[in-house]
Amino acid sequence: MNDLDSLEAESIYILREAYATLKPIAMLWSFGKDSNAMIWLARKAFLGRVPFPVVHLDTGLEFPEVYDFRNRYREEWRLDLVADACPSIEEVDPTLPPNSRLAARKTLGLSQAIRKHGYRGIIAGIRRDEQAMRAKERVFSPRGASGEWEAKDQPAEFWDQYNLSQPPGTHVRVHPLLSWTELDIWRYIARERIPVVPLYFARNGKRFRSLGEIGITTPIDSKAASVDQIIDELATTRAAERAGRTMDHDSEDAFERLRAAGYM
Amino acid sequence: MTAHSHDYVALRPSNERAFPIVVVGHVDHGKSTLIGRLLYDTGSLGEDRVAQLREASGRRGLDVEWSFLLDALQVERDQGITVDTTQVWFRSARRHYVIIDAPGHRSFLKNMVTGAARAEAAILVVDASQGVADQTRRHVHLLGLLGIGQIVVALNKVDLIGRDPQRVSEASEEIIRCLAENGLAATAIVPISARHGDNIVRAADMDGYGGPTLVDALDRLLPRASNLNLPFRFAVQDVYRLDDKRVVVGRIESGQLRNGDTIAFAPSGQAARVVSIETGNGVDRAEAQAGESVALTLDQPLFVERGQLAGPAEEPPATARRLRVRLFWLDAAPLAAGSRISLKLGTAEREATVLDVEEVLGMASMQTADRQEIRQHEVAQVLLGVARPLATDRHALLPRTGRGVFVRDFRVAGGFVVTDFDDAAPVEAPVELDATPGVVIWLTGYSGAGKSTLGRELVRRLSERGRAAHLLDGDELRRGLNRDLGFSDADRRENVRRVSEVARLFAEAGTIAVVSVIAPRAADRAMARTLVGPRFAEVHIRASLSACEQRDPKGLYARARRGDLKGFTGIDSPYETPVSPELVVDTEADDLATSADRLLAFVDNWLG
Ligand SMILES: Nc1nc2c(ncn2[C@@H]2O[C@H](COP(=O)(O)OP(=O)(O)OP(=O)(O)O)[C@@H](O)[C@H]2O)c(=O)[nH]1
Ligand SMILES: [Mg+2]
């Protein structure tokens, strides 16, 4: 087994643990490279079909290419798509820095979906190497009744023994990609030929490295116009993956506040 | 693409897994600083990260605080302490690493374990000016339990001791002793200064030191031995139904599997031949190996379920009812002998009882304590009983299937490795199928409550109806089987244990064993329940203490009141009233005949 085989096997193990013990469960689908890789892994884990709904936290502000992608692959992958609109910006905590508020809309949208559908498990495609706060996450991360994350007092997790049981009224976030890096994801996309939104590929010297909503995501300078070229670019870059996500940089504690409140 | 960037790619073989190393040691000895420095000195940091770092440090009136790279939580930065584990990636000239930072403060030991368990080697950071401290010892002991045998020691802050070779060698010797006490040895001891970057990537001119830099020492570490050549084990996660096929999914924990092999599932003991192996892309495989998540189909419709463990049919995994384990306890509330606890081993979950606490080790002091309770952050050896048999292995032989965790209040509360177990017969026949089921009916209550009288009456009535029944009476057994036992807590416990074992044998032979023994401790009764298994009923023969004292058929209460009899239940020794017995019979409210009727009705109802 090479490193991608090991990562794949581990993620499949995690997905099967989650599906066997957390019911009902759903997966977040943001159409980004990570969440497409995650759906790909789920189709392998469950032998060809994804046996639970995939949830799009829809702010109405995705790029048109993203909506096209969604509509095409929900058909092709036979996905059970749940796409409820997120609450409006007026309902968001006004003390949050401006760029964080759109993200906070997603948090509200998620807790609304959890209430409405009674999910006990939410599978999200975050990775440790994306962001220092995410590096501290557990694979199975218990959330409070309103979705909040107790970063200061997380339960122990070792030997692949996950915290599967949970008090009533709470849910668990499951992170099957936690050990992957950005480069691993692209190498896996290359190996498996996983489709991605074309915005990742350079046009006129610019491409998106991390895909968020219109207005809060900025493209980077790049000539990488194919998956292989992206892999070459990543092997040498020293800039951070989420540098183009304005919400991370509002203030030092912006991302911690978002995550503590239940953001992915 | 420039030639330069191609060189860079060549340094990182694309199919190489990053080598995971955990950094452990006492609080403030410089773990996070060391990692920050390591990243900086190997050029692994982006410019924006360094800029952010300077800014966050400046905001708190500090120069460059390297630890902030990892300590991302606000509370960590404000208090200068790591709370939770994190990880970062870097590459040396030789290979790719994942460096896992672990907190050193004792309050966050659960997070240290979380981080360390992912590693294949450790960097033990020791402050040269302070030497081995409490958490140094604790962490070293845990590394041993977690099976992390490769340790590089970073003797940090040598700037604070003026880089004095004498003091470096004294500190080194102390560390070597500490490791040796835990059966461990360092692969290298490198004197460093994390703050100044000495001997991390760049060799510093240090008197009397001619060894490797820290990165050189890391590059010499070996990957963990593979599980490929160990016996085959497959942990069942689930069974999926696809069209008309039943597919068993799970992971190969050790060894290899070939299509066509016959495998046996424990604890059911059933065997079948593998007719297909799939790893998810719809392609059939001829074989699969340790670490792979696979989907199997079998040639027979066995009843397979989550929690089972498969092995080769000729040498199936063992099935245990009682396990001796070495555990580390993380929960704030202690684990006491007699208490019930949930455990997870592989994908199996079980309710277990702590039958005996054989040894407790306070980790920081490394002193043994003689008590029946394990407190937070202690290590202990205990005997566990599980009501339903559990498939397992000895950890020394098969680490992945010989270890597990405890769960309490929805959280992982500790970990254990299996050192030994009884090899139970591969699962008893299901209860309903047995023609003449034997059971154990345990009558508990004060002396004089009517246990022996009711027990005799019950046995008489059952025998009259042709059922095999037998009374095991506490007083009687204390004259024979248990005549070496007194009334101390330990002796009472042993009394209950022996009677339980005897009663179980009667029940296994098809007899209804009626036990009349006070068994004043709830924990001891829980132990009896575990030892007997599901065919156990606890009946509380209830009468108030004052009623019993008035009856005093044997004059014992009077003697106890006079002080002639010490440790008498209800007088100067406690009775813990059953919380959820299967039946309560009140001999104060009802007469003997009515109470006996109720008991018999209960037995009839239970056994159908
Ligand atoms: N003089 C000197 N100070 C150091 C050195 N390395 C670290 N320090 C200082 O020691 C203090 C503690 O460093 P940390 O890296 O936060 O310690 P830690 O081991 O990660 O602590 P916890 O994670 O909270 O257990 C900081 O103030 C560092 O600047 C060194 O080589 N020399
Ligand atoms: Mg630290």
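Residues numbered from 1 in each chain as written. Chains lettered and ligands numbered in written order. Predicted model: local features only at pLDDT ≥ 70, side-chain atom pairs only at ≥ 80, totals over all residues. Heavy atoms only, no water.

Describing the pairing of strand β5 (residues 151-156) of chain B
Residues and elements named next belong to chain B.
- For β5, a buried count of six out of six residues is recorded, marking the element as mostly surrounded by other parts of the structure.
- Side chains Ile 151, Val 153 and Leu 155 of β5 all project onto a buried face; the interleaved residues Val 152, Ala 154 and Asn 156 project onto the opposite face, where all are buried too.
- Note that strand β4 (residues 121-127) and β5 share six bridges and pair parallel. Residue pairing in the sheet places Leu 124 in a bridge with Val 153 of β5.
- For the crossover from β4 across helix α6 (residues 134-146) to β5, the handedness is right-handed.
- Judged from the five bridges that link them, β5 and strand β6 (residues 186-191) form a sheet pairing that is parallel. Looking at the pairing, Leu 155 lines up with Pro 191 of β6. (Buried < 20%, exposed > 50% of the residue type's maximum accessible area, 1.4 Å probe, protein only. Helix = DSSP H or I, 4+ residues; strand = E, 2+ residues; numbered from the N terminus. Pairing = 2+ DSSP bridges. Right-handed = clockwise from strand over helix to strand, strands pointing away.)

Describing the domain arrangement of chain B
- Per the domain assignment, the segments making up chain B are domain 1 (19-219), domain 2 (233-312), domain 3 (318-423) and domain 4 (439-607).
- Computed over C-alpha atoms only, the centres of domain 1 of chain B and domain 4 of chain B are separated by 59 Å. (Domains from an automatic or database assignment.)

As for the sheet that holds strand β26 (residues 469-473) of chain B
All names here are of chain B.
- Taken together, five strands build an open sheet; the order of strands is β26-β27-β25-β28-β29 and the sheet is parallel. Edge strands, defined here as strands with exactly one partner in the open sheet, are β26 and β29 (583-586). Averaged over neighbouring strand pairs, the angle between their axes works out to 20 degrees when direction is ignored.
- The pairing of β26 with strand β27 (residues 512-516) spans five bridges and is classified as parallel. What sits directly across from Ala 469, in β27, is Ile 512.
- Running over the sheet, helix α11 (residues 489-508) touches β25 (439-444), β26 and β27 and is turned about 145 degrees from β25.
- Helix α15 (residues 592-607) contacts β25, β27, β28 (536-542) and β29 of the sheet and is inclined by roughly 165 degrees relative to β29. (Axes fitted to C-alpha atoms, helices over the stretch in contact; angles between N-to-C directions. Contact = heavy atoms within 4.5 Å.)

Focus on the site of ligand 1
Residue and element names in this part refer to chain B.
- Close to ligand 1 lie 22 residues, the nearest being Lys 31, Ser 32, Thr 33, Thr 82 and Gly 104.
- Within the contact set of ligand 1, an oxygen atom lies 2.8 Å away from a backbone nitrogen or oxygen of Ser 32.
- Protein chains shield 90% of the accessible area of ligand 1, which is 660 Å² for the free molecule.
- Among the elements that line the shell around ligand 1, the one with the most residues is helix α2 (residues 31-41), at three residues.
- For the shell around ligand 1, a count of residues per class yields five nonpolar, 11 polar and six charged. (Near = heavy atom within 4 Å. Polar contact = N/O pair within 3.5 Å; in protein donor to acceptor, adjacent residues only side chain to side chain. Areas by Shrake-Rupley, 256 points an atom, 1.4 Å probe, with all protein chains shown as cover. Nonpolar A, V, L, I, M, F, W, Y, C, P; charged D, E, K, R; others polar.)

Focus: the environment of Lys 31 of chain B
Residues and elements named next belong to chain B.
- Considering the arrangement of structural elements, one finds Lys 31 in helix α2.
- In this structure the C-alpha to C-alpha distance between Lys 31 and Phe 421, which are 390 residues apart in sequence, comes to 39 Å.
- Once residues within four sequence positions are removed from consideration, Lys 31 is found in contact with Val 23, Val 24, Gly 25, His 26, Asp 101, Ala 102, Pro 103, Gly 104 and Val 125.
- Within the local environment of Lys 31, its side chain forms a polar contact with the backbone oxygen of His 26, the two atoms lying 2.9 Å apart.

Some words on the side chain of Thr 401 of chain B
All names here are of chain B.
- Structurally, the position occupied by Thr 401 is in the loop between β22 (378-392) and β23 (403-408).
- By relative accessible area, Thr 401 is classed as buried at 5%.
- At 2.8 Å, the side chain of Thr 401 and the side chain of Asp 393 are in polar contact.
- Every residue in contact with Thr 401, bar those within four places of it in the chain, is listed here: Arg 233, Glu 253, Leu 309, Leu 345, Thr 392 and Asp 393.

As for the coordination of the magnesium ion (ligand 2)
Residues and elements named next belong to chain B.
- Taken together, the protein ligands of the magnesium ion (ligand 2) are Ser 32 (OG) and Thr 82 (OG1), with distances of 2.0 Å. In this pair, Ser 32 is assigned in helix α2 and Thr 82 in the loop between α4 (74-79) and β2 (86-91), connecting sequence segments 50 residues apart. Of the two residues examined, Ser 32 and Thr 82, each falls in the buried class. (Donors = N, O, S within 2.8 Å, 3.2 Å for Na, K, Ca; no water.)

Let's talk about the packing of helix α1 (residues 3-21) of chain A against helix α5 (residues 182-192) of chain A
All names here are of chain A.
- The geometry of α1 relative to α5 is characterised by a closest axis approach of 11 Å and an angle of 95 degrees between their N-to-C directions. When the interaxial angle is binned, α1 and α5 end up roughly perpendicular. Residues Asp 3, Leu 4, Asp 5, Leu 7 and Glu 8 of α1 lie in contact with α5, whose contacting residues are Asp 184, Arg 187, Tyr 188, Arg 191 and Glu 192.
- The class makeup of the residues in the contact of α1 with α5 is three nonpolar, no polar and seven charged. (Parallel < 35°, antiparallel > 145°, perpendicular 65-115°, else oblique.)

Regarding the sheet that holds strand β3 (residues 96-101) of chain B
Residues and elements named next belong to chain B.
- If you trace the six strands from one edge of the open sheet to the other, you get β2-β3-β1-β4-β5-β6, paired in mixed fashion. The open sheet has two edge strands, β2 and β6, and neither has a second partner. Each adjacent strand pair in this sheet contributes to an overall mean axis angle of 25 degrees, direction not counted.
- Sheet topology places strand β1 (residues 19-24) next to β3; five bridges connect them, and they run parallel. Paired with Val 22 across the two strands is Ile 100, which belongs to β3.
- The sheet contacts of helix α7 (residues 165-181) involve β4, β5 and β6, and relative to β5 the element is tilted by about 145 degrees.

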